[in-house]
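Examination of the molecular architecture
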Amino acid sequence: MNEQDRRRRPQGKPHRRPKKDPVRMLAFEALRAVDERDAYANLVLPPLLRKAREKGDFDGRDAALATELVYGTLRRQGTYDAVIAACVDRPLREVDPPVLDVLSLGVHQLLGTRIPSHAAVSASVELARVVLGDGRAKFVNAVLRKVAQHDLDGWLERVAPPYDEDPEEHLAVVHSHPRWVVSALWDSLGGGRDGIEELLAADNERPEVTLVARPGRATAEEIRDALDDEAALPGRWSPYAVRLSEGGEPGAIDAVREGRAGVQDEGSQLVALALANAPLEGRDQMWLDGCAGPGGKAALLAGLAAERGAVLLAAEKQPHRAGLVARALAGNPGPYQVIAADGTRPPWRPGSFDRVLMDVPCTGLGALRRRPEARWRRRPDDLDDFAPLQRGLLRTALESVRVGGVVAYVTCSPHLAETRAVVGDALKQYDGSAELLDARPQLAGVPELGDGPDVQLWPHLHGTDAMYLALIRRNG
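So, a few notes on the structure that sits alongside this text. Bear in mind the structure is a predicted one, so any value in this text is a computation, not a measurement.

What follows covers the packing of aromatic side chains. The final tally for this structure, using the stated rule, is two aromatic pairs. Judged by centre distance (5.8 Å) and plane angle (90°), the ring pair of Trp348 and Phe353 falls under edge-to-face. Considered together, Trp348 and Phe353 belong to a single accessibility category, that of buried residues. An angle of 70° between the planes, with centres 6.3 Å apart, marks the rings of Tyr409 and Tyr468 as edge-to-face. Taken together, the positions of Tyr409 in strand 9 (residues 401–411) and Tyr468 in strand 12 (residues 468–474) put the pair 59 residues apart, joining distant regions of the chain. Take Tyr468: its relative accessible area is 2%, and that puts it in the buried class.

Tyr409 sits in the buried class, given a relative accessible area of 0%. C-alpha of Tyr409 to C-alpha of Gly154: the two residues are 255 residues apart in sequence and 45 Å apart in space. Setting aside residues no more than four positions away along its own chain, Tyr409 makes contact with Met358, Val360, Gln390, Leu394, Glu418, Thr419, Val422, Val423, Tyr468, Leu469 and Ala470. Reaching out from Tyr409, the side chain makes a polar contact with the backbone oxygen of Glu418 at a distance of 2.8 Å.

Let us now look at the packing of helix 2 (residues 22–37) against helix 7 (residues 117–131). At a minimum axis separation of 10 Å, helix 2 and helix 7 run at an interaxial angle of 65°. Our pair here, helix 2 against helix 7, has a crossing hand that is right-handed. Where helix 2 approaches helix 7, its residues Arg24, Met25 and Phe28 are matched on the opposing element by Ala123, Leu127, Val130 and Val131. Looking at the contact of helix 2 with helix 7 residue by residue, the class counts come to six nonpolar, no polar and one charged.

Throughout the structure, instances matching the rule amount to 34 salt bridges. Notably, a salt bridge pairs Lys297 with Asp359, separated by 2.6 Å at the nearest N-O pair. One end of the pair, Lys297, is in helix 16 (residues 296–307); the other, Asp359, is in strand 8 (residues 353–359), and 62 residues separate them in sequence. Both residues of the pair, Lys297 and Asp359, count as buried. Residue Glu316 is joined to Arg321 by a salt bridge in which the shortest nitrogen-to-oxygen separation is 3.5 Å.

Let us now look at the pairing of strand 5 (residues 286–289). Sheet topology note: the strand 5/strand 6 (residues 311–316) ladder contains four bridges and is parallel. Each bridged residue has a counterpart across the sheet, and for Leu288 the counterpart in strand 6 is Leu313. With helix 16 bridging strand 5 and its parallel neighbour strand 6, the resulting β-α-β unit is right-handed. Of the pairings in the sheet, the one linking strand 5 to strand 8 comprises three bridges and is parallel in character. Note that in strand 8 the partner of Asp289 across the bridge is Leu357.

The rules we used
- Residues numbered from 1 in each chain as written.
- Predicted model: local features only at pLDDT ≥ 70, side-chain atom pairs only at ≥ 80, totals over all residues.
- Heavy atoms only, no water.
- Phe/Tyr/Trp six-rings, centres within 6.5 Å; stacked < 30°, edge-to-face > 60°.
- Buried < 20%, exposed > 50% of the residue type's maximum accessible area, 1.4 Å probe, protein only.
- Helix = DSSP H or I, 4+ residues; strand = E, 2+ residues; numbered from the N terminus.
- Contact = heavy atoms within 4.5 Å.
- Polar contact = N/O pair within 3.5 Å; in protein donor to acceptor, adjacent residues only side chain to side chain.
- Axes fitted to C-alpha atoms, helices over the stretch in contact; angles between N-to-C directions.
- Left-handed = near helix turned anticlockwise from the far one by under 90°.
- Nonpolar A, V, L, I, M, F, W, Y, C, P; charged D, E, K, R; others polar.
- Salt bridge = Lys/Arg side-chain N within 4 Å of Asp/Glu carboxyl O.
- Pairing = 2+ DSSP bridges.
- Right-handed = clockwise from strand over helix to strand, strands pointing away.

Rendered as structure tokens:
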């Protein structure tokens, strides 16, 4: 070899362009949107997947893997943060958020999936080269190689304090919930270790997709008949529910696309049905949904009202959400009305309604299966922000219902400050002119409803979101 050839010979490894992995690129993009824009994964992910399919980058298996990577990483973020913190030489807050997202995706592949360790590390390092550059890719490589030295159980033994020393922190790390949420859920359960561990574990499971057949527009049997027998199952308790056992894409189902059915957790169906079935004396002509957005419960109630010759008024403060309600109710077989109105300053007269649903804004701690990122965004101070609104809306509901009528106070949070505390204050204010009804008979067949008279549904007991329901009759 002459001197000229020697000069042309590359020194070290030749530069290689990083290879883009569309699945992991999409997962990273979704996590960045959740982090940077406070977006929700259930809103960000579908359009990303649709765009990838349209470009021909994805098939069904790719979409399933991308979904698992995003939701699995978000659900186990607390656990993975503890593991990563044990493998880096700086406080976690000093790790750049994009780097942390790549690391978290890699840790989930190592500890939360069946992807082989070498493949999980190499794919994550390749992703880091594409989105972070070679320098930080080396950091990702070093950290993930440390993580790969133990499985999930091995890491939990290292990073979670023993249960006997600090039960709340142990559960927070093992089950990836903020400590204050663990404490609040434990208080709401009022039980022992088994109940809280089962609940926290259920929050980290992927929930079933459940449809609701809107009365007068579709039936559950019709929807099931249009689908594969193994893919569509009856609801456990709601006669309007269809469970999609294999997940799937609800938007591809004719009844959903046409608005005759919608996606709705069975717990949400049950609380609406409980109001509709509550015993009532005398007139039963005017129903109100006082916080109707985005319209799922309103659509179910409107169909039930139409079957009885009653009319539903659906009110929603935010005009764009009122538009979603109108879309959900379009095609209802009976009369209804949708208005944009503030439920704390109602435009209707007191005592106008026979049945009132007030599904109040809340922390959403009952739907952490569906919105796993919410657990990391919420703070205990949020309870103070919601409290006046929740009390004001329940007060409006009780003023809006006639004497002898029934109010359903509903919230998708089991936190006692958002459930029994709000109802208890309202009953004290009305001092005998309002009383709690036993809601349990209106959820016929549903087990483990407690001592009543109110009802708390649970993911680990009922397979639903943690919906709370109190039925209140106005007596004077």
